[in-house]
Amino acid sequence: MPISPPDMPDALGWLPAARRVPSPNCDPRPPGMAIELIVIHNISLPPGVFAGDAVIELFTNRLDWDAHPYYRAMRGLRVSAHFLIRRDGSLLQFVPCALRAWHAGASRWQGRERCNDFSIGIELEGSDDVPFDDAQYAALRRLVHTLKAAYPIGGIAGHSDIAPGRKSDPGPHFAWHRLDAPA
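About the thresholds
- Residues numbered from 1 in each chain as written.
- Predicted model: local features only at pLDDT ≥ 70, side-chain atom pairs only at ≥ 80, totals over all residues.
- Heavy atoms only, no water.
- Salt bridge = Lys/Arg side-chain N within 4 Å of Asp/Glu carboxyl O.
- Helix = DSSP H or I, 4+ residues; strand = E, 2+ residues; numbered from the N terminus.
- Buried < 20%, exposed > 50% of the residue type's maximum accessible area, 1.4 Å probe, protein only.
- Core = buried A, V, L, I, M, F, W, Y, C linked by side-chain atoms within 4.5 Å.

Some remarks on the pattern of salt bridges
Tallied over the full model, the rule gives 11 salt bridges. Note that Arg178 and Asp134 form a salt bridge whose closest N and O atoms lie 2.9 Å from each other. Taken together, the residues Arg178 in the segment after helix H4 (159-162) and Asp134 in helix H3 (residues 134-150) connect sequence positions 44 residues apart. Judged by relative accessible area, which is 53%, Asp134 ranks as exposed. Bridged by salt links that share partners, the residues Asp27, Arg100, Arg114 and Asp117 form one connected network.

Okay, structure coming up:
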């Protein structure tokens, strides 16, 4: 499926198809660093809850740490991702692709450390315990197709692949074969 210029990211890496919700949790990539990897995650806050704005609030440093017992252990956490795909397939963007989002943490891919330096992080609203929705796979395929057309992406990995033993997402219910379907 050809990508038309209006679908492509702008010079900073903001996608016109995404709802823009800027996060302060980002910084410049190392000079000359190409975007070569997509990392797929899952997230729900509190765990298993797929409604509300807690993830948005976390990524924008507005989460009320006292609103839920689970949040207390996360107090002060500063994280982000480039994209979030909600259960209904809606796409939000927190960090422009040209900048480094803080999604991978301590990580390694094909012998390279610090995956945040050369990756784009995509969060799927979900958990390790439940399958993802059809709308999410459709949105993910479109997003991956667009990103591959715009950047020299050489691989797609789960958070569990780049941080084994530390992370388990996108989890056992993520159907990797569904990324190969037409966008």
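Focus: unusual backbone geometry
Backbone torsion omega between Leu45 and Pro46 reads -15°, so that peptide bond is classified as cis. Structurally, Pro46 is set in the loop between strand E3 (37-43) and helix H1 (54-59). Along the chain, Asp169 connects to Pro170 via a cis peptide bond; the corresponding omega equals 15°. Positionally, Pro170 belongs in the segment after H4.

Considerations on the nonpolar core
Nonpolar side chains in soluble globular proteins generally cluster together in the buried interior. In this structure, Phe83, Ile122, Leu140 and Leu147 are the most contacted members of the largest nonpolar core, which totals 24 residues. Where this core is concerned, the elements lending two or more residues are E3, strand E4 (83-85), strand E9 (119-125) and H3. With 6 residues, the top contributor of residues to this core is H3. Residues Leu58, Tyr71, Leu84 and Ala101 belong to the second largest nonpolar core, which totals 20 residues.

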